[in-house]
Amino acid sequence: EADIYQTPRYLVIGTGKKITLECSQTMGHDKMYWYQQDPGMELHLIHYSYGVNSTEKGDLSSESTVSRIRTEHFPLTLESARPSHTSQYLCASRGGTGTDTQYFGPGTRLTVL
Amino acid sequence: AQRVTQPEKLLSVFKGAPVELKCNYSYSGSPELFWYVQYSRQRLQLLLRHISRESIKGFTADLNKGETSFHLKKPFAQEEDSAMYYCALSVHSGNTPLVFGKGTRLSVIA
């Protein structure tokens, strides 16, 4: 079934640790996105990609990095986690035109102690 | 630059009352507009988009280019409508990320 998958769903980690949040989609979409969202609050775009080997920074300054080596995979990495990184991270993908729906993954809730 | 404004952070209505969630946008071209909804403990999902001109779960939204608005309406609110609602704008080509409003939390009171 076509979907967007994020792992882990929940992560509690200590300060200074390196973490990678995984995102995979079987929608066949070229465009993928990472958002940061505190529960019930606004969405902040942190990274996006329009295809393999394409990555761009979003509106929110972030200490994270992303890679896009395969169309279906768009992992986000924090080299050194800090308590200010505590939030929910949403992955999304979208088709090729302006009218296409954007689909969201279930999110990863990250807590940095 | 494109911008989406949702002036109400929280909207509380009684069950059975009409609902209107406001959305205004700024964009000089022809926009594509969407409403996304996030129910408690569920992922963010599309509710409706203006190009489809459809009614979903009793909700409708009409694009008013003169007022640059895309307000979401429902004549009779239900408790299950309680959620976060986000208005979003896309340029026609889709070559820039969606621009989201800050969201409005709708609370329907029994």
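One can find the structure itself at the top, above this paragraph.
Residues numbered from 1 in each chain as written. Chains lettered and ligands numbered in written order. Predicted model: local features only at pLDDT ≥ 70, side-chain atom pairs only at ≥ 80, totals over all residues. Heavy atoms only, no water.

### Structural notes on the interface of chain B and chain A
Going by this rule: In this analysis, two residues are considered to be in contact whenever any of their non-hydrogen atoms come within 4.5 Å of each other. Note on definitions: buried area is the accessible-area loss of two parts on being combined, 1.4 Å probe, summed for both. Note on definitions: salt bridges are taken to be side-chain nitrogens of Lys or Arg within 4 Å of carboxyl oxygens of Asp or Glu. Within 3.5 Å is the distance limit for a polar contact, defined as a pair of N or O atoms, with the added protein rule that one can donate a hydrogen and the other accept it, and that residues adjacent in sequence qualify only through two side-chain atoms. For the purposes of this entry, the term helix denotes a DSSP run of H or I that reaches at least four residues, the term strand denotes a run of E that reaches at least two, and both are numbered from the N terminus. Asp, Glu, Lys and Arg are counted as charged, while Ala, Val, Leu, Ile, Met, Phe, Trp, Tyr, Cys and Pro are counted as nonpolar; the rest, among them Gly, fall into the polar class.
Listed per partner, the contact involves 24 residues of chain B and 25 residues of chain A. Across the interface of chain B and chain A, roughly 1900 Å² is buried in total on both sides, 52% from carbon and sulfur atoms. If you sort the residues of chain B by the area they bury against chain A, B:Arg43, B:Leu44 and B:Pro97 come out on top, with a joint share of 30%. Linking chain B with chain A are one salt bridge, by the criterion used here. Measuring nitrogen to oxygen at the nearest pair gives 2.9 Å for the salt bridge that ties B:Arg43 to A:Asp3. Counting every contact that joins chain B to chain A gives nine residue pairs in polar contact (both at pLDDT 80 or more). Listing elements by their share of the side of chain B that touches chain A, those giving two or more residues are β5 (31-38), β6 (45-49) and β9 (83-91) of chain B. Looking at the side of chain B that touches chain A residue by residue, the classes come out as eleven nonpolar, seven polar and six charged.

### Comments concerning the sheet that holds strand β8 (residues 76-78) of chain A
All names here are of chain A. Using the following cut-off: Two strands qualify as a pair provided that DSSP identifies no fewer than 2 bridges between them. Every axis corresponds to a line fitted to the C-alpha atoms, with the helix fit spanning only the stretch in contact, and the corresponding angles, defined between N-to-C directions, vary from 0 to 180 degrees.
Strands sit in the order β1-β3-β8-β7 across an open sheet of four strands; the sheet is antiparallel. On the outer flanks of this sheet lie β1 (4-7) and β7 (64-66), each paired with one strand and no other. Shown here is a sheet whose adjacent strand axes are inclined to one another by a mean of 15°, direction ignored. Pairing analysis gives three bridges linking strand β3 (residues 19-25) to β8, with the strands arranged antiparallel. Residue pairing in the sheet places Leu21 in a bridge with Leu76 of β8.

### Comments concerning the state of the cysteines
Residue and element names in this part refer to chain A. The test is simple: To count as a disulfide, a pair of cysteine sulfur atoms needs to be within 2.5 Å. For the exposure calls, accessible area comes from a 1.4 Å probe over protein chains only, and a residue counts as buried if that area is under 20% of its type's maximum, exposed if over 50%, partly exposed in between.
Summed over the entire model, instances satisfying the criterion amount to two disulfides over all chains. Through a disulfide, Cys23 is tied to Cys91; the S-S separation comes to 1.9 Å. Taking the torsion about the sulfur-sulfur bond, which here is approximately -75°, the covalent link between Cys23 and Cys91 counts as left-handed. Of this pair, Cys23 sits in strand β3 while Cys91 sits in strand β9 (residues 87-94), and the two are 68 residues apart along the sequence. Overall, Cys23 belongs to the buried group, its relative accessible area being 0%. We classify Cys91 as buried; its relative accessible area is 0%.

Spatial relationships are all this shows, so hold off on functional conclusions.
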